[in-house]
Amino acid sequence: MQVEVDVPKCVASGQCVLLAPDVFDQREEDGLVVLLDDTPPVELRDAVRESATVCPAAAIRLVES
């Protein structure tokens, strides 16, 4: 799995950080998404998929391999 984020689309809701804090974080100054791991390990992939699903701005894109 490859994770991509479209930072300009992000609305800083923080749902991704709550669901997958080892993969996503938020910038201090504006709360926008920061991608910590663009190829998460297998054990985190379900949480990453859920993060992409619940993102209100659809700013997370997953490329499954």
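Attention here is on the structure that accompanies the text.

Topic: the pattern of salt bridges
Line of reasoning, step 1. Tallying each qualifying case throughout the model produces five salt bridges.
Line of reasoning, step 2. Across the pair Glu4 and Arg61 runs a salt bridge, and its minimum N-O distance is 2.7 Å. Remark: Arg61 occurs in strand β4 (residues 60–63) and Glu4 occurs in strand β1 (residues 2–5); sequence separation between them is 57 residues.
Line of reasoning, step 3. Classification of Arg61 by relative accessible area gives partly exposed; the value is 47%.
Line of reasoning, step 4. The partner of Arg27 in a salt bridge is Asp30, with the nearest N and O atoms 2.5 Å apart.

Overview of the nonpolar core
Line of reasoning, step 1. Among the nonpolar cores identified, the biggest contains 16 residues, and Val3, Cys16, Phe24, Val48 and Ile60 are the most heavily contacted of them.
Line of reasoning, step 2. Of all elements in the fold, only α1 (15–19) and α2 (45–54) reach the threshold of two or more residues within this core.
Line of reasoning, step 3. Excluding its chain neighbours within four sequence positions, the residues that come into contact with Phe24 are Val3, Val5, Cys16, Val17, Val33, Val34, Leu35, Leu36, Val48, Ser51 and Ile60.

Rules used throughout
Residues numbered from 1 in each chain as written. Predicted model: local features only at pLDDT ≥ 70, side-chain atom pairs only at ≥ 80, totals over all residues. Heavy atoms only, no water. Salt bridge = Lys/Arg side-chain N within 4 Å of Asp/Glu carboxyl O. Helix = DSSP H or I, 4+ residues; strand = E, 2+ residues; numbered from the N terminus. Buried < 20%, exposed > 50% of the residue type's maximum accessible area, 1.4 Å probe, protein only. Core = buried A, V, L, I, M, F, W, Y, C linked by side-chain atoms within 4.5 Å. Contact = heavy atoms within 4.5 Å.

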